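# Chains, contacts and geometry: an overview
Chain by chain, the residues:
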Amino acid sequence: MPDLVTHSGVAYLIYKLFSRRRYLIIFLAGTILPDVITRIPYFLVESGYDWLFVPLHTPVGMTLVCLWLSYFFEECERKPVFVNLWLGSLLHLGMDLLQYGIIPQHLLLFPFSLKRYEIALFSAEASMYIIPLWLILIVGVELVLRYRGRTINAGRH
Ligand SMILES: [Zn+2]
């Protein structure tokens, strides 16, 4: 898995460039959700049972988790919350596909197939080296968007 900073950095930039800001936090939560719900249980359950959480790190598993989580919101918010959580989680799974490990890890078609997939463009550790790049890009994009917002608003007066 790319680290959670890389997942969040990519998600932040995509969201800022292509979407409204209202559900940014939900989208970001969706991008870290697959690792949070599958890694935290490793510390809580006895070793040997951790495979129980592997199906949650799949498109079908994340769809069900996002659907369940969206029901904690008001009825009028459920659809956009679900869509943003789900798209964020799919972005996460897509980014995970790009890395390679010792063995392919991603059960894309679970429960219909147990075949594991990977695209294998970079190692699991490679994303750690570009964390400063994400932080610089995020600050840069934020500054440009704020500057553009100020100049657009100044032009209206
Ligand atoms: Zn992951």
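Refer to the structure presented above.
The paragraphs below set out a description of the structure included in this document.

About the cut-offs
Residues numbered from 1 in each chain as written. Predicted model: local features only at pLDDT ≥ 70, side-chain atom pairs only at ≥ 80, totals over all residues. Helix = DSSP H or I, 4+ residues; strand = E, 2+ residues; numbered from the N terminus. Buried ≥ 20, exposed ≤ 12 C-beta atoms within 10 Å, placed from the backbone. Contact = placed C-beta atoms within 7 Å. Core = buried A, V, L, I, M, F, W, Y, C linked by C-beta atoms within 7 Å.

Regarding its fold elements, the protein presents six helices and two strands. When the helices and strands of the protein are read in sequence order from the N terminus, they spell out α-α-α-α-β-β-α-α. Across its three principal axes, the protein shows a C-alpha extent of roughly 65 × 40 × 30 Å. Expressed as a percentage of the 157 residues in the protein, the buried residues total 27%. Partitioning the contacts of the protein with sequence separation of at least 6, the portion at a separation of at least 24 is 60%.

Each neighbour pair has its own omega, and for F110 with P111 the value is 10°, a cis peptide bond. Structurally, P111 is set in the loop between β1 (99-100) and β2 (122-123).

You can see L114 is positioned in the loop between β1 and β2. The exposure class of L114 is exposed, given the 8 C-beta atoms found within 10 Å. Expressed as a C-alpha distance, the spacing of L114 and I37, which sit 77 residues apart in the sequence, is 20 Å.

Counting 19 residues, the largest nonpolar core has I26, F27, C66, L85 and W86 as the members making the most contacts within it. The greatest single-element share of this core, amounting to six residues, is contributed by helix α4 (residues 75-97).

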